Amino acid sequence: MGRRLADLFHGRTSLQVGGLLAGPMGWLVILYLGSLVVLLVASFWSVNAVSGELQKTFTTDNYHELLNQSVYKTVAFRTVRIAALATLTDALLAFPIAFYMAKIASPRVKGLLLVAILMPLWSFYLVKVYAWQTMLASGGVIDWALNPIGLNGPGYGSTAVWLVESYLWLPYMILPIYAGLERIPDSMLSASEDLGGKPWTTFRRVVLPLAFPAVVAGSIFTFSLTLGDYITPQLVSPDTQFIGNVIYSNHTNNLPLASAFAVVPIIVMVIYLGIARRLGAFEHL
Amino acid sequence: MSRLRAHPAWMPAGIVVGLAAIMLVIAGCGSSNNNGGSSTEAQKSIGPGEGKLNIICWAGYCEDGTITKGVDWVSPFEQETGCQVNVKIGDTSDQMVDLMRTGQYDGVSASGNATARLVEGGDVAPVNTDLVPNYKTIFPDLKDQPYNTFDGVNYGIPHGRGANLLMWRTDKVSPSPTSWSIILDPNQAKKYSGHISVYDDPIYIADAAMYLKAHQPDLGITDPYELNDDQFNAAVDLLKKQHPYVGDYWSSYLKQINLFTSGDDQVGSTWQYQYFTLLADKVPVAAPGPDTGYVPTEGATGWSDTWMIAKNAKHPNCMYKWMNYVTSAPVQAQIMQWFGEAPAQSTACDPATVETADKALGLPPDPKFCDNYHAADPAFWKRVYFWKTPLADCGDDRGNSCKDYNDWVSAWTEIKG
């Protein structure tokens, strides 16, 4: 058997390559894309309320419910809005930092800043979210810092989710922008200056257009990670639902409905990636 | 590279062969956990223990000394039987059903809103009560109930019962509430806007229905779990009006403890476990006391829990041993006082047993515990509506016109907005 197999592969380079590729391809096609297909198929099934048994006959009821009940639209828009806000915030925060690192800082400072940016990634995601939960509690650190100037912390809610998501994913925005800015030769900035460009003009007409695809590349991370997060909302916004929470709370009793709702972020991401591709983000990943 | 392109037709073939091999491997792995057929018959005898037991418990039911030193009835069981217990705490009935369906667990302390689903889904096996000697002395009004017996077949051993609690921070809420109105009447709830804590589970709709049963008798609600369209919509509307004032839909008891400790939560529905934990931590909380019979004026929703055994349990003998152990008088006397519930085991109420348990737990002697918790008072339990799975079949002359659990789940999503 072994010898015959060896004979089969002998001299057939393409067969050998194909066989080697089967592993990663199998991972991608069967486990990764396959599970997405199962998800899609399941979204057209229904479920027995008591036994939890799947009824594997085609129905579009789940999609009807998603379209007819306003709550699902509210939740989807809320999630997309927070994802967009967190992305925008991260872009605004990340750009100056990345610019300083790429163009101004000395190699030593640059190294230190890189470590500082990567440092939060060393600690576990949950630890960070629980830390924020404690900080945002009434009478917590944030209240304590703001009360002397007559303000209150945001407390728990959508604002808290926006803050925490922006914090969590900031490194994923800084790094692509930093890499993008590194690629812009300094001579271009000098050329712009020589041609009479004021700093703001240089930034607007030279740096920004060249670095924008990198910002979009970073935004793919911040946007998709926020879109799929359901633990942060659970911990810092116990009274509002996001897409992930609705899927989570439905997956035991009504897997088909949860599957149908899970198609929403997929569609959002396909649209987002389509736009990102047009803006040239994929050359910067 | 050019050599690779020599026979392009072979490349797909290679991929197909490789994929087929992978599929075979996956399929092979998948069939290894099949435990050989389904058993719908209860076990006939108990063999020697398998050395291991995986169970799903409500918080406070399966203490092994790790959370509070000295509070431990799991370790003696392990020593006695050689069954090493692996405890998984479930936060909601949904989660418990979910966990049971993974097939990784031998048993569960299931509440009434999980039992029917577990039986219907074929996740649990009937229980041979003859193999559980302690079953004999369990309170008769807990035996053969609709949430533990199906078509005349026993599917579990009763564990204990209790009412969901109304709890408040005494430093933030005054006067002391005696009615659920404080969180369910929008005019009163407004006062604690953002600080109201509500159990995050579709079954909470029954709390609203129970409230309406008392406050809007014209709706004709008889059973808060069997609601027709009008009754259901009224309950859902009430909870939608409550929504703006809710600060926290809790599904993790630990999260609720944190939020009551910090003062973010000031009044809400809870379990005895959180209440006693907070009291022990010196957080100023209170709940209706013995003077009001431990429940607000409308009554309360509650639970009556049942130990069930998984149909394909890997350690069935250990599970039977556990079911007998956990319903023995000394253990029940400890659990009931640690958790704060009425025991299922009548002999656990013997004053000497209660005091021995107090000593073991380091609590002051409380020989009247069972009286306070109405353990042997069937009349009291008429005001407590035990969780059960809502079905389309109303169970009375209304026929199949009631909202089933799927309706409850989607309504709950809607309520939370």
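Relevant structure appears above.
The paragraphs below set out a description of the structure included in this document. In this text the structure is predicted, and so the values were computed from the model without any measurement.

### Description of the overall build of chain B
Within chain B, the regular secondary structure consists of 16 helices and 15 strands. Relative to the globule expectation of 22 Å for 417 residues, the C-alpha radius of gyration of chain B, 24 Å, shows essentially globular dimensions. When its C-alpha atoms are laid out on the principal axes, chain B stretches across 85 × 50 × 50 Å. When contacts within chain B are restricted to residue pairs at least 6 apart in sequence, long-range pairs at least 24 apart make up 74% of them. When the accessible surface of chain B is split by element, carbon and sulfur atoms take 54% of a total near 16700 Å². Put simply, chain B has 31 plus and 48 minus side-chain charges, and the middle of one group is 5 Å from the middle of the other.

### Some points on the side chain of B:Asp264
Here B:Asp264 shows up in the loop between α9 (253–262) and β11 (267–270). One buried charged residue, B:Asp264, forms no salt bridge at all, with the nearest opposite charge on B:Arg169 at 8.7 Å. In this structure the side chain of B:Asp264 is engaged in a polar contact, spanning 2.7 Å, whose partner is the side chain of B:Ser262. If near-sequence neighbours (up to four positions away) are discounted, B:Asp264 is found in contact with A:Ala137, A:Ser138, A:Tyr156, B:Gly194, B:His195 and B:Leu259.

### A short note on the state of the cysteines
Here is the idea: a disulfide is a covalent bond, and it sits between the sulfur atoms of two cysteines. Residues and elements named next belong to chain B. Applying the stated criterion to the full structure yields 4 disulfides over all chains. Covalent S-S linkage joins Cys 57 and Cys 62, the inter-sulfur distance amounting to 2.0 Å. On the sign convention where negative means left-handed, the S-S torsion of about -85° between Cys 57 and Cys 62 marks this disulfide as left-handed. The same class applies to Cys 57 as to Cys 62, namely buried. Disulfide partner of Cys 83: Cys 318, at an S-S distance of 2.0 Å. What sets the handedness of the Cys 83 and Cys 318 disulfide is the S-S torsion sign, and at about -85° it is left-handed. Of this pair, Cys 83 sits in the loop between α2 (74–81) and β2 (84–90) while Cys 318 sits in helix α11 (residues 316–326); the two residues are 235 residues apart in sequence, bridging distant segments of the chain.

### So, the interface of chain A and chain B
The extent of an interface is frequently quoted as the accessible surface area lost upon association of the parts. Across the contact, 39 residues belong to chain A and 42 residues belong to chain B. In total, about 3600 Å² of surface goes out of reach between chain A and chain B, with carbon and sulfur atoms giving 60% of it. Its largest share of buried area at the contact with chain B, chain A owes to A:Ser14, A:Val50 and A:Asn253, together 16% of the area lost on that side. Applying the counting criterion to the chain A and chain B interface returns 0 salt bridges. On the surface where chain A and chain B come into contact, there are 8 residue pairs in polar contact (both at pLDDT 80 or more). Those elements giving two or more residues to the side of chain A that touches chain B turn out to be α2 (13–42), α4 (70–104) and α12 (243–250) of chain A.

Calculation rules
Per-chain numbering applies: the sequence of each chain, read as written, is numbered from 1 onward. Each chain gets a letter, beginning with A, and each ligand a number, beginning with 1, in the order they are written. Per-residue local features are limited, in this predicted model, to residues with pLDDT of at least 70; the limit for side-chain atom pairs, both in listing and counting, is 80 or more; totals at the level of whole chains, interfaces and linings are taken over all residues. Water and hydrogen atoms were dropped before computing side-chain values, which therefore reflect all heavy atoms in the structure. By definition, any uninterrupted DSSP run of H or I lasting at least four residues is a helix, any uninterrupted run of E lasting at least two residues is a strand, and each is numbered from the N terminus. We take the radius of gyration over the C-alpha atoms and set the globule estimate at 2.2 Å times the residue count to the 0.38 power. By definition, residues are in contact when any of their heavy atoms lie within 4.5 Å. What sets the accessible areas is the Shrake-Rupley method with a 1.4 Å probe; for residues, cover comes only from the shown protein chains. Residues scored as charged are limited to Lys and Arg (positive) and Asp and Glu (negative), so that His and the chain ends carry no count. We put the charge of a Lys on NZ, of an Arg on CZ, of an Asp on CG and of a Glu on CD. Relative accessibility under 20% of the residue-type maximum defines a buried residue, over 50% an exposed one, and the middle range a partly exposed one, all with a 1.4 Å probe and only protein chains included. The term salt bridge refers to a side-chain nitrogen of Lys or Arg lying within 4 Å of a carboxyl oxygen of Asp or Glu. As used in this structure description, the phrase polar contact means that two N or O atoms lie within 3.5 Å; if the pair is within protein, one of them must be able to donate a hydrogen and the other to accept it, and residues adjacent in sequence are counted only when both atoms belong to side chains. Note on terminology: pairs of cysteine sulfur atoms within 2.5 Å are recorded as disulfides. The quantity reported as buried area is the accessible area (1.4 Å probe) lost by two parts once they are put together, taken as the sum for both.

This is a description of form; function is not addressed.
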